[in-house]
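Residue-level structural notes
The primary structure of each chain is shown beneath.
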Amino acid sequence: MKNLSIYDFMDEHNACEPGRRWVAEMGFTTCHETFEALCNGKSGENGYGWALWFATRPGVLNQHELVGFAAWCARRVAYLLTDERSVKALELAERFAAGKKIPIDELKEAAAVAVDATRVSRAAHAARNAARDSADTAWTAADAASDPDAERLAQLEHLREIVRFEEAEALL
């Protein structure tokens, strides 16, 4: 990810005031230490949402990584998918995330059937979003899991594995 201080990052991405206050209170200066604290639960009940917000800002993860994270979240609750079209949409998202070329006709077809399939279940909604909005997918998948809190912790751990920071971040 781009080498920014946490304050530059928050300015660039219009961070909310409560998030800005928390960073200042904690004395963070780098994106890396801030993200680690969010994933480690040091920000209380806001940590999960703020970690998702952070990881889904432009420049943190590329499009394949964002879709991969969304697909990973949806795959963890795929046992709830009752419509084969949703499963196919999830598989398509996973192929895209892996860098495989997908014909435009297949993308259009998957998008159309996934939209229709979302009427079937919440987990299907997570699969549809896998190609669109990873933060919404993560929330939806966690809410659909049998243990939402454990699922959120697993998602944060996975984010820690895929978000990369430059070795030397600029300090204030």
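Residues numbered from 1 in each chain as written. Predicted model: local features only at pLDDT ≥ 70, side-chain atom pairs only at ≥ 80, totals over all residues. Heavy atoms only, no water.

1. Some points on the pattern of salt bridges
Basically, it comes down to this: Each salt bridge in this description consists of a side-chain nitrogen of Lys or Arg and a carboxyl oxygen of Asp or Glu lying within 4 Å of one another. The numbering of helices and of strands both runs from the N terminus, where a helix is a DSSP run of H or I of at least 4 residues and a strand a run of E of at least 2.
Applying the stated criterion to the full structure yields 10 salt bridges. For glutamate 65, the salt bridge identified is with arginine 164, shortest N-O distance 2.3 Å. Linking glutamate 65 in helix 5 (residues 63-76) with arginine 164 in the segment after helix 10 (148-162), this pair joins segments that are 99 residues apart in sequence. Arginine 76 is the partner of glutamate 151 in a salt bridge, and the nearest nitrogen-oxygen pair spans 2.7 Å. Linking glutamate 151 in helix 10 with arginine 76 in helix 5, this pair joins segments that are 75 residues apart in sequence. Sharing partners across several salt bridges, the network here consists of Asp11, Glu17 and Arg20.

2. Quick notes on helix 2 (residues 17-26)
The cut-off we apply is this: With a 1.4 Å probe rolled over the protein chains alone, any residue whose accessible area is under 20% of its type maximum counts as buried; one over 50% counts as exposed, and the rest are partly exposed. This arc describes the spread of directions from the helix axis toward the C-beta atoms. In this description, contact between two residues means that some pair of their heavy atoms is separated by no more than 4.5 Å.
Of the residues making up helix 2, those classed as buried are Gly19, Trp22 and Val23. Across the axial projection of helix 2, the buried residues extend over an arc of 100°, all falling on one side. In this structure, the buried side of helix 2 is in contact with helix 1 (6-12), helix 3 (31-39) and helix 4 (47-55). A positive backbone phi angle near 75° is found at glycine 27, which sits one or two residues after helix 2.

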